[in-house]
Amino acid sequence: HAFILYISSCIAQVGMEYNIHPDEMIDHHLFKVIVENDTIDEMKAYLHQQCKMIMAVRDSEQRKFKKLSAEAAIKYIEANFKKPISLESVSSEINMSASYLSRLIKQELGINFNTYLHKLRIEESLKLLKNEDMTIKEISNAVGYLSEHTFIRNFKSLMGKTPNHYRNSNLI
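Computed from a predicted structure; not experimentally measured.

Here is what the cut-offs are and how they apply
Residues numbered from 1 in each chain as written. Predicted model: local features only at pLDDT ≥ 70, side-chain atom pairs only at ≥ 80, totals over all residues. Heavy atoms only, no water. Helix = DSSP H or I, 4+ residues; strand = E, 2+ residues; numbered from the N terminus. Polar contact = N/O pair within 3.5 Å; in protein donor to acceptor, adjacent residues only side chain to side chain. Contact = heavy atoms within 4.5 Å. Expected span 1.5 Å × (residues − 1). Axes fitted to C-alpha atoms, helices over the stretch in contact; angles between N-to-C directions. Parallel < 35°, antiparallel > 145°, perpendicular 65-115°, else oblique. Nonpolar A, V, L, I, M, F, W, Y, C, P; charged D, E, K, R; others polar. Salt bridge = Lys/Arg side-chain N within 4 Å of Asp/Glu carboxyl O. Buried < 20%, exposed > 50% of the residue type's maximum accessible area, 1.4 Å probe, protein only. Core = buried A, V, L, I, M, F, W, Y, C linked by side-chain atoms within 4.5 Å. Phe/Tyr/Trp six-rings, centres within 6.5 Å; stacked < 30°, edge-to-face > 60°. Lys NZ or Arg CZ within 6 Å of the ring centre and 35° of its normal.

Participant: I keep staring at the side chain of Ser 91 and nothing clicks. Help me out?
Facilitator: Along the polypeptide, Ser 91 turns up in helix 5 (residues 87-93). One polar contact links the side chain of Ser 91 to the main-chain carbonyl oxygen of Glu 88, over a distance of 2.9 Å. Other than its neighbours up to four places away in sequence, Ser 91 contacts Met 96, Ser 97, Ala 98 and Leu 101.

Participant: Help me understand helix 6 (residues 98-109), please; the structure alone is not making it clear to me.
Facilitator: Side chains three or four residues apart in an α-helix point the same way, a direct result of the helix having 3.6 residues per turn. Counted at 1.5 Å a residue, the expected span for helix 6 with its 12 residues is 16 Å, and the 16 Å between its end C-alpha atoms agrees. Considering only its buried residues, helix 6 is in contact with helix 4 (40-80), helix 5 and helix 7 (113-128). Where helix 6 ends, the next residue or the one after it, Gly 110, has phi of about 80 degrees, a positive value.

Participant: Looking at this structure, how should I read the packing of helix 4 against helix 6?
Facilitator: For any two helices packed against each other, one specifies the crossing angle of their axes together with the interaxial distance. With their axes 9 Å apart at the nearest point, helix 4 and helix 6 run at an angle of 90 degrees to one another. When the axes of helix 4 and helix 6 are compared, the pair comes out roughly perpendicular. Within the contact between the two elements, helix 4 uses Phe 65, Lys 66, Lys 67, Ser 69, Ala 70, Ala 73, Ile 74 and Ile 77 and helix 6 uses Tyr 100, Leu 101, Leu 104, Ile 105, Gln 107, Glu 108 and Leu 109. Here the contact of helix 4 with helix 6 is composed, by residue class, of 10 nonpolar, two polar and three charged.

Participant: What am I meant to see in helix 9 (residues 148-159) here?
Facilitator: Over its 12 residues, helix 9 runs 16 Å from end to end, which matches the ideal 16 Å to within 8%, given 1.5 Å per residue. Directly after helix 9, the chain includes Gly 160, whose backbone phi takes a positive value near 85 degrees.

Participant: Is there a simple way to explain the pattern of salt bridges in this structure?
Facilitator: Opposite charge on two side chains allows them to pair when their charged atoms are near. One pass over the full model with this rule turns up seven salt bridges. Glu 108 is the salt-bridge partner of Lys 67, the closest N and O atoms lying 2.8 Å from each other. Separated by 41 residues along the polypeptide, Lys 67 in helix 4 and Glu 108 in helix 6 bring together distant segments of the chain. Across the pair Lys 119 and Glu 123 runs a salt bridge, and its minimum N-O distance is 3.0 Å. Within this pair, Lys 119 and its partner Glu 123 are both found in helix 7, separated by four residues, close to a single helical turn. The exposure class assigned to Lys 119 is partly exposed, which follows from its relative accessible area of 33%. Since its relative accessible area comes to 37%, Glu 123 is described here as partly exposed. The network of salt bridges with common partners includes Lys 67, Glu 71 and Glu 108.

Participant: Explanation requested: the nonpolar core in the structure shown.
Facilitator: A general trend in soluble globular proteins is that nonpolar side chains are found buried together. Of all hydrophobic cores here, the largest spans 17 residues; its most connected members are Ile 77, Val 90, Leu 101, Phe 113 and Leu 117. Counting residues per element, the ones that place at least two in this core are helix 4, helix 5, helix 6 and helix 7. With residues up to four places along the chain from it excluded, the contact list for Phe 113 reads Ile 77, Ser 86, Leu 87, Val 90 and Ile 105. In this structure, Leu 129, Ile 136, Val 143 and Tyr 145 belong to the second largest nonpolar core, which totals 11 residues.

Participant: Looking at this model, I keep getting lost on the packing of aromatic side chains. Mind explaining?
Facilitator: One pair of aromatic rings is described through two measures. These are the centre distance and the angle between the planes. The tally for this structure, following the rule as stated, stands at three aromatic pairs. Ring centres 5.7 Å apart and planes at 70 degrees place the aromatic pair Phe 155 and Tyr 166 in the edge-to-face group. Of this pair, Phe 155 sits in helix 9 while Tyr 166 sits in helix 10 (residues 163-171); the two residues are 11 residues apart in sequence, bridging distant segments of the chain. Members of the aromatic cluster, each reached through a chain of ring pairs, are Tyr 145, Phe 151, Phe 155 and Tyr 166. Over the ring of Tyr 145 we find Arg 121; its NZ or CZ atom is 5.1 Å from the centre of that ring.

These figures capture arrangement, not role.
See below:
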């Protein structure tokens, strides 16, 4: 019986690390099981139930953390996409490894970091292309591209035509 109580207290300790109040894990049922039954199987079943509950809470907390982390990263990207940012600079800003952030963004958005960044930049460039006074180079710089050629390549990849062709076809 002492061993079962010891195991139960260890489980309670782990539960407290996940902010589960001990009363939620160890109710008087455990003591009733120990006092009224001598079968190890019933005690084992109860301890197994405690472990499953802690694991469910842990999984829920991990999902919340992932969701909040992904949301923080996406907000940061949306606020800074006009600057020359990268996966590494975003991950550094939100204190997360680049590979983990990459997986989170892919899970949350269904596309990778670079695709999302280019999508935001190209969407913004579509607005700027309406201004005939801005050159393609000025637009590419305004939406965060360091190279006009990279902007044109990404624009064509996403829109099916070059920025100039898009501008000319939409001004008519």
